[in-house]
Amino acid sequence: MCSPARPVSGVNMAAVDVIVDNLVTLWRIPAARQNFPLIFVLISVVGSLLKELEVVPQTYFSSSGNALNVYFVKVSWGWTLLLLTPFLLLSNSAFSRSVSFLSRRLLSLLVATAVWYACTQTFFFIEEVTGSCYETGTKEVLIKELSSKASCRRAGFQWHGHDISGHSFILAYSALFIVEETAPMASLRTAGLSALPRMVLNLLYVALNLIVIVWVWMFACTSVYFHHTSHKLLGTLCGLVAWYLTYRVWYLKPLSPGLPPQRHPKEQKQNA
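What counts and what doesn't
- Residues numbered from 1 in each chain as written.
- Predicted model: local features only at pLDDT ≥ 70, side-chain atom pairs only at ≥ 80, totals over all residues.
- Heavy atoms only, no water.
- UniProt positions renumbered as here; feature names shortened; annotations may be inferred.
- Helix = DSSP H or I, 4+ residues; strand = E, 2+ residues; numbered from the N terminus.
- 1 Å grid on protein atoms, 1.4 Å probe; cavity = no way out; pocket = protein on both sides within 12 Å on 5 of 7 lines; lining within 4 Å.
- Points joined across faces, edges and corners; volume = space filled by probe spheres on them.
- Nonpolar A, V, L, I, M, F, W, Y, C, P; charged D, E, K, R; others polar.
- Phe/Tyr/Trp six-rings, centres within 6.5 Å; stacked < 30°, edge-to-face > 60°.
- Buried < 20%, exposed > 50% of the residue type's maximum accessible area, 1.4 Å probe, protein only.
- Axes fitted to C-alpha atoms, helices over the stretch in contact; angles between N-to-C directions.
- Parallel < 35°, antiparallel > 145°, perpendicular 65-115°, else oblique.
- Left-handed = near helix turned anticlockwise from the far one by under 90°.
- Contact = heavy atoms within 4.5 Å.

- As recorded in an unreviewed UniProt entry, the protein chain goes by the name Fat storage-inducing transmembrane protein 2, listed as coming from Etheostoma spectabile.
- Its UniProt record, at the heading Subcellular location (unreviewed entry), says of the protein chain: "Endoplasmic reticulum membrane".

## Describing the UniProt feature "transmembrane region" (unreviewed entry) in the protein chain
Here comes step 1: Listed under "transmembrane region" (unreviewed entry) in the UniProt record, and renumbered for this structure, are residues 36-56, 76-95, 107-126, 203-226 and 233-251.
Here comes step 2: Between the C-alpha atoms that bound residues 107-126 there is a distance of 28 Å. The span itself is 100% helix and 0% strand.
Here comes step 3: For residues 203-226, the helix share is 96%, the strand share is 0%, and the end-to-end C-alpha distance is 33 Å.

## Structural notes on the layout of surface pockets
Here comes step 1: Its boundaries defined by the atoms lining it, the largest pocket holds a volume of some 550 Å³.
Here comes step 2: As for the largest pocket, its lining consists of 25 residues, of which Lys-74, Phe-124, Gly-166, His-167 and His-227 are closest to the centre.
Here comes step 3: When contributions to the lining of the largest pocket are tallied by element, the ones reaching two or more residues are α4 (76-93), α5 (99-130), α6 (149-154), α7 (166-181) and α9 (195-225).
Here comes step 4: Here the element with the most residues in the lining of the largest pocket is α5; it accounts for five residues.
Here comes step 5: Looking at side-chain class alone, the lining of the largest pocket contains eleven nonpolar, nine polar and five charged residues.

## Details of the packing of aromatic side chains
Here comes step 1: Counted under the stated rule, the structure contains 19 aromatic pairs.
Here comes step 2: Residues Phe-40 and Phe-219 carry aromatic rings whose centres are separated by 5.1 Å and whose planes lie at 85° to one another, so their mutual orientation is edge-to-face. Of this pair, Phe-40 sits in helix α2 (residues 30-53) while Phe-219 sits in helix α9, and the two are 179 residues apart along the sequence. Each of the two residues, Phe-40 as well as Phe-219, counts as buried.
Here comes step 3: Aromatic pair Trp-250 and Tyr-251: ring centres 5.4 Å apart, planes at 50°, arrangement tilted.
Here comes step 4: Chaining the aromatic ring pairs together yields one cluster made of Trp-77, Trp-116, Tyr-117, Phe-123, Phe-169, Tyr-173, Phe-177, Tyr-247, Trp-250 and Tyr-251.

## Concerning the packing of α4 against α5
Here comes step 1: Contact pair α4 / α5: the axes reach a minimum separation of 10 Å and the direction vectors enclose 165°. Considered as vectors, α4 and α5 are oriented roughly antiparallel to each other. Here α4 runs over α5; the crossing is right-handed. For the pair α4 and α5, contact is made by Trp-77, Leu-81, Leu-84, Thr-85, Leu-88, Leu-89, Asn-92 and Ser-93 and by Phe-101, Leu-102, Arg-105, Leu-106, Ser-108, Leu-109, Ala-112, Thr-113 and Trp-116, respectively.
Here comes step 2: A breakdown of the residues in the contact of α4 with α5 according to their chemical character gives eleven nonpolar, five polar and one charged.

Structure, rendered in structure tokens:
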């Protein structure tokens, strides 16, 4: 006799469990976490060099109208918050349901959003004050009458200033932010979560890792196809510095949101 067929949903969730276990194993490798920030520096330098040498052929991703850029990168911070907020709430409540604890963890989202907003607005300001309006991209004919980027663009001309790469900044910063805040998943694999919360948490974790892959890929495309070298390197540096000052300096101090919990209380008792 044939054994009863296993429900499709059960098979699918088992596959998700395997994916989650593999991802958790990957991010628990010290070298993977320690060297992840350096990957952005390497990609930015190598990608910029390839762009200057013009050895990479034009592809679908060399157009700013590609789907990943239009529907993901241009609203990258929205995607990051959309997926990370429920993950943060669900994962951290498995450690403690204290209002003060959860509030401090949610504060990390506000801090990151403030960093994103402050940096991007600063980039816009720098481009505005260092730029001028030109008739074409060749910068041959200067339009002195138009002294702001908005008026220049409205008139159909091109504004050229020190355009720090916002893409390089936000993609690097978002990826590092996600990796930091999903670290508790390593401990939650052994936590006694009920079926539904575990399923939701697993799906969010996989989705967040997919977003990290998209961010790294689009960061590489930005490095190879767009912006000047100095603009990309400066944008990347801003993202790395913002991550370092929060997660490697400020969050280690008492008056801060603190780092994401790394070990579940059950693990602490077992290792006591």
